[in-house]
Structures are given as structure tokens and as C-alpha cells.
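Coordinate analysis (summary)
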6 protein chains.
Amino acid sequence: MSWLPSLKTATPEEGYSLAIKMSRMAVKMTQPDDEIRSKLRADYANNADSLTMASHVVATNFQTVAQANNFWIQS
Amino acid sequence: MSWLPSLKTATPEEGYSLAIKMSRMAVKMTQPDDEIRSKLRADYANNADSLTMASHVVATNFQTVAQANNFWIQS
Amino acid sequence: MSWLPSLKTATPEEGYSLAIKMSRMAVKMTQPDDEIRSKLRADYANNADSLTMASHVVATNFQTVAQANNFWIQS
Amino acid sequence: MSWLPSLKTATPEEGYSLAIKMSRMAVKMTQPDDEIRSKLRADYANNADSLTMASHVVATNFQTVAQANNFWIQS
Amino acid sequence: MSWLPSLKTATPEEGYSLAIKMSRMAVKMTQPDDEIRSKLRADYANNADSLTMASHVVATNFQTVAQANNFWIQS
Amino acid sequence: MSWLPSLKTATPEEGYSLAIKMSRMAVKMTQPDDEIRSKLRADYANNADSLTMASHVVATNFQTVAQANNFWIQS
């Protein structure tokens with residue numbers, strides 16, 4: 001089963017969740033050790049700039065997902 | 001009720017507010033503790049570079065919202 | 001009166017000014033205290049990297065404004 | 001054989017892998033020494049912000065790959 | 001005379017020069033003092049990361065200029 | 001002879017090389033001294049985050065080049 005079978009989602013909110021998943025996947029592929037990632041998460045979840053940087057990655061991925069879904073506009 | 005039912009807004013200003021909401025949501029999903037986020041906010045709201053970084057995330061999300069609304073151009 | 005009634009501007013230069021306004025608005029909404037912002041401004045206006053970061057946000061917002069105006073191409 | 005013969009991929013997941021490859025290639029072209037890159041990798045794989053920055057580059061490249069594949073939408 | 005009368009340029013190279021001009025203008029509007037900017041320039045022109053950041057802003061503005069010129073494709 | 005006569009390239013790989021060239025040109029225009037750039041290069045080629053930042057600029061320029069080439073899709 002692919003972790004990214006499609007960029008299509010039913011709603012914008014699900015699209016946003018997918019963007020978060022995509023943002024985390026690049027991290028996971030670079031640092032596959034769950035324990036280390038968990039420790040790092042504790043660090044950056046308590047640092048304002050780290051959280052802002054993470055939000056920027058999500059925003060970039062969400063652009064892609066939103067385009068793939070034609071912005072969820074009913075035609 | 002979804003926090004992001006649609007990317008459509010009536011005006012550019014409302015679209016900008018939505019972009020801010022989207023930018024904060026990624027932070028909230030990574031750091032769900034309201035008290036910690038509130039403390040972090042006090043930090044970055046007094047740091048020029050932190051504020052610029054936050055504005056960059058909003059700009060990225062606003063691109064998506066503006067496209068979804070066809071830039072609010074009357075047809 | 002909305003601070004962002006439209007993304008349309010008569011000229012590219014006015015569009016660039018609007019992009020600056022948009023970039024500052026996210027900062028203002030996060031740090032509404034005029035005095036604190038004024039103090040922070042003194043800091044980042046004297047730091048090369050801070051100015052570059054600010055210019056990046058303007059560039060991102062200008063992309064949106066330029067698209068909304070179809071790049072001010074006469075049709 | 002080109003390392004980038006095409007931006008076309010069969011699936012979104014393969015497209016994401018290509019985006020990772022593209023992100024690493026710029027690094028490799030700047031620092032061609034395998035040993036040094038391997039050492040640097042150990043550094044940034046244990047730093048939360050470094051991983052977030054890397055994920056941002058992947059997200060930017062994935063935008064390009066996704067567009068090249070028309071978001072893998074079946075027509 | 002406007003500093004940005006149009007996004008149209010005759011060639012890609014002129015478009016790149018315009019992108020550099022646009023990137024510097026945001027800095028100038030934030031720090032209008034020529035002497036201070038000149039001093040800051042000496043700093044960041046000798047710092048690798050500062051130069052990379054500046055190049056990123058130019059890349060972002062060049063995207064806009066290139067789109068405005070339909071990538072200088074002869075039709 | 002222009003350093004950027006066209007954004008058109010025969011292949012994606014050549015397009016990626018062009019994106020690298022464009023990324024370096026902004027640096028060169030800000031710091032024209034070859035010796036200083038060479039020294040700075042030694043610094044950032046041994047720093048993981050510096051390399052990631054450089055890769056981000058390449059990714060941004062590659063978006064532009066890929067669009068100019070319609071993603072090298074055979075029609």
C-alpha cells in the first residue's frame with residue numbers, strides 16, 4: 001500500500017492533513033529512526049521558529065494538494 | 001464542523017484572515033498544548049525575524065486562497 | 001473600510017506597494033502593539049539578513065498581486 | 001544515462017521520491033565528496049530544523065514534479 | 001518616472017536584472033538610508049548564507065517576471 | 001553573449017543545470033570578487049544547512065525553467 005496513492009481528497013481539511021503527512025514524510029525518509037525523531041519532535045515543538053518553519057513546509061505542500069483538487073471548487 | 005470547510009471567501013481581506021488561520025493550524029497540530037503555544041507566542045511576537053518568518057507562511061497560504069477565489073475578480 | 005478591498009492595482013509599482021502592505025499586515029496582526037513593532041523595526045532595519053527575509057515575503061506576496069492583475073499586460 | 005531523464009512518474013509516491021532525489025542532487029553538485037556529505041548527513045539528520053529545511057526543499061521540488069504529471073489525475 | 005513601469009523585458013537576462021532590482025527595492029523601502037545599506041552590504045556580501053538567501057529572493061521575483069513575459073517564448 | 005539567452009533546454013537535466021547557474025549568478029552579481037566567492041564556497045560546502053539552503057534556491061529556479069519548457073512533455 002502506497003503512503004501517497006493520490007493527491008485527491010474529499011475536502012480542504014483532508015487536503016491539509018495530507019499536506020502535513022507529506023511534510024513529515026521527507027523528515028522520516030531522512031531520519032528513519034523513530035526514537036530519534038520523537039526526541040527531535042520534543043525539541044522543535046517547544047520552539048516558536050521551528051514551528052513556524054514547519055508550518056511553511058505544510059503551506060508549500062498544501063499549495064500542491066489544493067491545485068490537484070482544483071481548490072475543491074464544485075463544478 | 002470542519003475548521004476548513006472551504007477556501008472560498010467573500011473578500012480578499014477575509015481570504016487573508018483565512019491564510020492566517022491556516023498558518024496557525026499547522027502550529028497547533030504540532031504543538032496542541034494551548035499554554036505552551038501561548039508562551040511561545042510571547043517569544044516570537046517580540047522578535048522581528050520570527051514575525052517576518054510568520055508573515056512568509058501567511059503569504060504562501062494566501063497564494064493558495066487567492067487562487068481558489070480567482071483573485072476575487074468579478075466576472 | 002477594508003485594508004485589502006481588492007488585489008487590483010493600476011500599475012506594477014502600486015502592486016509592489018500593496019505587496020509590502022500585505023507583508024506588514026501579518027506582522028501587525030501578530031504584534032498589534034505599535035510601540036513594540038516600532039522598536040523591532042529599528043532592529044531588523046539594521047540587519048542585512050532580516051532585510052533579505054523581509055524582501056522574500058514581499059516577493060511572495062507580489063507573485064499573488066501580479067497574477068491577480070494578469071501581470072499588468074495590456075490586452 | 002541521465003540522472004533526470006524525465007519528470008514523469010507513474011504514481012505520486014514515485015514523484016515524491018524523485019523530488020527527494022532532485023533535492024539531494026543540488027547538494028551533491030555543490031559538495032561532490034561522498035565522505036564529507038556522509039558526515040554532514042549525520043549532523044543534519046539529528047537536528048530538527050535541518051530536517052524541516054530539507055523537507056521544504058522537497059516540497060518545492062514536488063510542486064514541479066506534480067505539475068509535470070498533471071497531479072496524476074486520470075483523464 | 002516609475003521604478004517599475006512594467007514587468008516586460010526584451011530578454012531573459014534583462015528579466016533577471018529586473019528581478020534583482022525588485023529584490024533590492026524592498027530592502028531600500030525598509031532601510032532608506034544609503035549609508036547604512038552600503039555598510040550592511042559589506043557584511044552580507046562576505047557571508048555565504050546571506051548571499052544564498054539573497055539569491056532565493058531573486059529566484060522568487062524572477063518567477064514572477066518570467067511568467068509576465070510568458071518565459072520569453074517566441075510565438 | 002548573454003549568460004541567459006533562453007530558458008529553453010533540450011532535457012530536464014540541462015534545465016536543472018541552468019537552474020544551478022541562475023542560482024549562482026545572483027550570488028556573483030552581489031559578490032563579484034572571484035577569490036572571496038571561492039573562499040565562501042569552501043565554508044558553505046561543508047555546512048549541511050548551507051547546502052540545503054542552496055538546494056532550495058535551485059528548486060525555486062528549476063520551477064521556472066521547467067514551466068518555460070512545459071516540463072519537457074512531448075506533444
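Looking at an unreviewed UniProt entry, one finds chain A named Hexameric tyrosine-coordinated heme protein and attributed to Roseibium porphyridii.

Our focus in this paragraph is the overall build of chain A. Scanning chain A from N- to C-terminus turns up 3 helices and 0 strands. The secondary structure elements of chain A, listed N-terminal to C-terminal, are α-α-α. When the backbone C-alpha atoms are referred to their principal axes, chain A occupies close to 45 × 30 × 15 Å. Looking at the 75 residues of chain A, the share that counts as buried comes to 57%. When the accessible area of chain A is evaluated, it comes to approximately 3400 Å², of which 50% is carbon and sulfur surface. Side-chain charges in chain A split into 7 positive and 7 negative, and the spacing between the mean points of these groups amounts to 6 Å.

This part takes up the packing of helix α1 (residues 12-30) of chain C against helix α1 (residues 12-30) of chain E. Interaxial distance between α1(C) and α1(E) falls to 12 Å at its minimum, and their mutual angle equals 60°. On the basis of the axis angle, α1(C) is oblique to α1(E). Crossing handedness for the pair α1(C) and α1(E): right-handed. Each of Y16(C), I20(C) and R24(C) in α1(C) lies in contact with α1(E), whose residues at this interface are M22(E), M25(E), A26(E), M29(E) and T30(E). By residue class, the composition of the contact of α1(C) with α1(E) is 6 nonpolar, 1 polar and 1 charged.

This part covers the relation of the copies chain B and chain C. Once chain B has been moved 0.0 Å along the axis and rotated by 60°, it coincides with chain C to within an RMSD of 0.0 Å. Both copies are brought into coincidence by an operation consistent with a six-fold rotation axis. Measuring from the rotation axis to each C-alpha of chain B, the shortest distance belongs to T60(B), at 6.8 Å.

Turning next to the interface of chain B and chain C. Of the residues lining the interface, 27 residues belong to chain B; the matching set on chain C comes to 29 residues. Both faces considered, chain B and chain C share a buried interface measuring about 2400 Å² in area, 67% of it formed by carbon and sulfur atoms. Its largest share of buried area at the contact with chain C, chain B owes to E13(B), Y16(B) and F71(B), together 22% of the area lost on that side. On the surface where chain B and chain C come into contact, there are 0 salt bridges. Put simply, chain B and chain C have 10 residue pairs in polar contact (both at pLDDT 80 or more) between them. Here the side of chain B that touches chain C takes 14 residues from helix α3 (residues 48-68) of chain B, the largest share from any one element. The class makeup of the residues in the side of chain B that touches chain C is 15 nonpolar, 8 polar and 4 charged.

One pair of aromatic rings is described through two measures. These are the centre distance and the angle between the planes. Across all of its chains, the model carries 18 aromatic pairs over all chains by this definition. Geometrically, the ring pair formed by W3(D) and Y16(F) is edge-to-face, given 4.9 Å between the ring centres and 85° between the ring planes. With W3(D) in the segment before α1 (12-30) and Y16(F) in helix α1 (residues 12-30), this pair bridges two chains. By relative accessible area, W3(D) is classed as buried at 13%. The exposure class of Y16(F) is buried, given its relative accessible area of 1%.

Residues and elements named next belong to chain C. When the terminal C-alpha atoms of helix α3 (residues 48-68) are compared, their 30 Å separation across 21 residues agrees well with the 30 Å that a helix rising 1.5 Å per residue should span. A large share of α3 lies buried, amounting to 19 of its 21 residues. Backbone nitrogen of D49 and a side-chain oxygen of the N-cap are separated by 3.0 Å at the start of α3; the cap is N47.

Another point: the interface of chain D and chain A. In this assembly, 27 residues from chain D lie in contact with 29 residues from chain A. Regarding the contact of chain D and chain A, the summed buried area is about 2400 Å², with carbon and sulfur atoms giving 67% of it. Counting the surface chain D buries against chain A, the share from its top three residues, E13(D), Y16(D) and F71(D), is 23%. Here chain D is connected to chain A by 0 salt bridges. Counting every contact that joins chain D to chain A gives 10 residue pairs in polar contact (both at pLDDT 80 or more). Of the residues forming the side of chain D that touches chain A, the biggest block, 14 residues, is contributed by helix α3 (residues 48-68) of chain D. Each residue belonging to the side of chain D that touches chain A can be placed in one class, and the counts come to 15 nonpolar, 8 polar and 4 charged.

Reading the values: rules and limits
- For every chain, the first residue of the written sequence is number 1, and numbering continues from 1 along that sequence.
- Key to labels: chains lettered from A, ligands numbered from 1, both in the order written.
- Per-residue local features of the predicted model are confined to residues with pLDDT of at least 70, and side-chain atom pairs are confined, for both listing and counting, to 80 or more; whole-chain, interface and lining totals are unaffected and use all residues.
- Calculation of side-chain values draws on the structure's entire complement of heavy atoms; hydrogens and water are dropped beforehand.
- Here a helix means four or more residues in a row that DSSP labels H or I, a strand means two or more in a row labelled E, and each is numbered from the N terminus.
- Partly exposed describes any residue whose relative accessible area lies between the buried limit of under 20% and the exposed limit of over 50%, with all areas from a 1.4 Å probe on protein chains only and scaled to the type maximum.
- Throughout, the Shrake-Rupley method with a 1.4 Å probe supplies accessible areas, and for residues the shown protein chains are the sole cover considered.
- Under the counting rule used here, the positive set is Lys and Arg, the negative set is Asp and Glu, and His together with the chain ends is not counted.
- For the purpose of locating charges, the reference atoms are NZ of Lys, CZ of Arg, CG of Asp and CD of Glu.
- Under this scheme, a helix contributes an axis fitted over its contacting stretch, all axes are lines through C-alpha atoms, and angles between N-to-C directions fall in the 0 to 180 degree range.
- For classification purposes, angles smaller than 35 degrees are called roughly parallel, those larger than 145 roughly antiparallel, those between 65 and 115 roughly perpendicular, and all remaining angles oblique.
- The hand of a helix crossing depends on one turn: near helix anticlockwise from the far one by less than a right angle means left-handed, and clockwise means right-handed.
- What makes two residues a contact is simply this: any of their non-hydrogen atoms within 4.5 Å.
- Each residue is assigned to one of three groups, with Ala, Val, Leu, Ile, Met, Phe, Trp, Tyr, Cys and Pro labelled nonpolar, Asp, Glu, Lys and Arg labelled charged, and all others, Gly among them, labelled polar.
- For this overlay, a least-squares fit was computed on C-alpha atoms, restricted to residues scoring pLDDT of at least 70 in both copies.
- Buried area: the sum, over both parts, of the accessible surface (1.4 Å probe) that disappears when the two are put together.
- In what follows, salt bridge is the name for a side-chain nitrogen of Lys or Arg lying within 4 Å of a carboxyl oxygen of Asp or Glu.
- Under the rule applied, a polar contact is a pair of N or O atoms within 3.5 Å (in protein, one hydrogen donor and one hydrogen acceptor; residues adjacent in sequence only if both atoms are side-chain atoms).
- Stacked, tilted and edge-to-face are the three classes applied to pairs of Phe, Tyr and Trp rings, where Trp contributes its six-membered ring and a pair requires centres within 6.5 Å; stacked means planes under 30 degrees apart, edge-to-face means over 60, and tilted covers the rest.
- Helix span, as expected, comes to 1.5 Å for every residue beyond the first.

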